[in-house]
Number of protein chains: 2
Amino acid sequence: MPRQITAFSNTLVKRVRSLRDKKHRRAERLFLAEGLRILTEAREAGRLPDYLFFTAEGSRHPLAAALIDTVENNGGEAIETNHDILSKLSGKDNAQAVVGVFPEFTTPLDQLDRGASPIWLVAERLRDPGNLGTILRTGDAVGAGGLILIDDCVDPFSVEAVRASMGALFTVPIAQARWEEFVPWLRSGPGQLVGLSLQTESSYRDAAYASPTFLLTGNEAQGLPEAYEAECDLLVKLPMLGKADSLNAAVATAVMAYEVLARSRG
Amino acid sequence: MPRQITAFSNTLVKRVRSLRDKKHRRAERLFLAEGLRILTEAREAGRLPDYLFFTAEGSRHPLAAALIDTVENNGGEAIETNHDILSKLSGKDNAQAVVGVFPEFTTPLDQLDRGASPIWLVAERLRDPGNLGTILRTGDAVGAGGLILIDDCVDPFSVEAVRASMGALFTVPIAQARWEEFVPWLRSGPGQLVGLSLQTESSYRDAAYASPTFLLTGNEAQGLPEAYEAECDLLVKLPMLGKADSLNAAVATAVMAYEVLARSRG
């Protein structure tokens, strides 16, 4: 029988609410995800929340009922609350039916199986949580082996990144590494490092890709550092016919990823 | 000599600040854009603000000085203010160096020159301002003839859309039309209507595109209505190998647009 919480002053409510801040996520190693669709994808990917908040009304949806059951049968806690508290946890007026509190998970570099996919996404100093979430979603769609976050990227467990990923956070392995760790790992096995750059004449469409391809995208404003480009096996550019010499980083990554996918399938 | 405004209670400050709300934008037919880079792109595209706000410090940048000159020489007003008011107008703590108030502009359908480009972007009930801005940016990069917004889309002049467009709002023509207006216009001349859909087996990579190609993307959550798909000359899909059967709408549009661009260039 689920516990009920209806007081804003409840300690757990306050604690969960604080996970909207990076500082508290870091301390607790927990993060928030919300919505029946995303939490069901999480469940199907074998990720269950420590705490699952729902309203009596929301629990009538069969997907919510299934989530509550699974969480309770696996040592988590399902907590019935009211719409106002759910909105407070969610940070949105029109809160989703369920909010989950999950333990963070990343995959150490040396546990990535580079043979698992012909495409890997690598992002360097990515700043925008929406871009990170969108790149994860693209990674899911192209069947990428994972997303490797290099140096100081935005937190993949931020509410905005989780939301933009539409559940892909749970299906695409994420690794975090300094460049100095990434390069030796990459060079310890097969893998072509392809940098997206403006400093090249090679069109992405004419380039020869080798599997597994590691697609490296740089910071939104500055692109890749020179030394990082020098490490690449190949630099490619996307044609830009307009006035602005830039594309959104998540868009550029996706165009590249779909090109590599199409080539890898012949 | 620019006028100075340093009072939050100033009528113009209040009026400009109110343009963050759609209701006031609609009433005034004015919108906000900010940042030296974006306003300089606007100037190069022949779009000048009615009002240009800047700080004494910000005006020392040569791009700001050039903007102030051009605005004053073309009947607009350049207004020196302080950092706090600029932040208030911008809605961000770290305001950009300049904020401009521009008259809205869209292009009537019948003034679009469909021969101007092999690629046109068409979005139906797009809800997210970030997606709209990102699609404009992609439109700029692929040299699209314009973006046609069908039915009830998010406002392209919202602060978020303008920001995400990174200036492409000023370089890519925008038309707004009901579907019932769009279809007769489309069929009054050459043009292939290509819908992005999950209800087809045709891969975007194998499809035959005809110039000019009108790429139609549907609502983020629901995709295209059945009747709209039926009107398309061609339906194509992007491969999705993952768990989630969806891509971000701006990403899907970009992958399609780059495919059509590559094909049109042989």
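The structure we're discussing is the one just above.
Residues numbered from 1 in each chain as written. Chains lettered and ligands numbered in written order. Predicted model: local features only at pLDDT ≥ 70, side-chain atom pairs only at ≥ 80, totals over all residues. Heavy atoms only, no water.

Asker: Whenever I open this one, the sheet that holds strand β8 (residues 174-177) of chain A confuses me. Can you help?
Answerer: By way of backbone hydrogen bonds, the strands of a sheet pair with one another, either parallel or antiparallel. All names here are of chain A. The 6 strands lie next to each other as β8-β7-β6-β10-β9-β11, forming an open sheet whose pairing is parallel. Each having just a single partner strand, β8 and β11 (234-236) make up the two edges of the open sheet. Within this sheet the neighbouring strands show an average axis-to-axis angle of 25°, counted without direction. Direction of pairing for strand β9 (residues 192-196) relative to β11: parallel, over a ladder of 3 bridges. (Pairing = 2+ DSSP bridges. Helix = DSSP H or I, 4+ residues; strand = E, 2+ residues; numbered from the N terminus. Axes fitted to C-alpha atoms, helices over the stretch in contact; angles between N-to-C directions.)

Asker: How should empty space enclosed by the protein be read in this particular structure?
Answerer: It is a probe the size of a water molecule, rolled over the atoms, that shows where empty space is left. Following the criterion strictly, the structure yields 3 cavities of 30 Å³ or more and no others. Considered as a void within the structure, the largest cavity measures approximately 70 Å³ in volume. As for the largest cavity, its lining consists of R20, L32, A33, E34, I38, L89, S90, V99, V159, V162 and R163 of chain B. Elements with a contribution of two residues or more to the lining of the largest cavity: β2 (30-34), α5 (83-90) and α7 (159-165) of chain B. Per-class residue counts for the lining of the largest cavity are 7 nonpolar, 1 polar and 3 charged. Looking at which domains feed residues into the lining of the largest cavity, each of domain 1 (3-103) and domain 2 (109-264) of chain B supplies at least three. Each pocket or cavity is described by its volume, and for the second largest cavity that value is around 40 Å³. When contributions to the lining of the second largest cavity are tallied by element, the ones reaching two or more residues are α10 (249-264) of chain A together with α10 (249-264) of chain B. (1 Å grid on protein atoms, 1.4 Å probe; cavity = no way out; pocket = protein on both sides within 12 Å on 5 of 7 lines; lining within 4 Å. Points joined across faces, edges and corners; volume = space filled by probe spheres on them. Nonpolar A, V, L, I, M, F, W, Y, C, P; charged D, E, K, R; others polar. Domains from an automatic or database assignment.)

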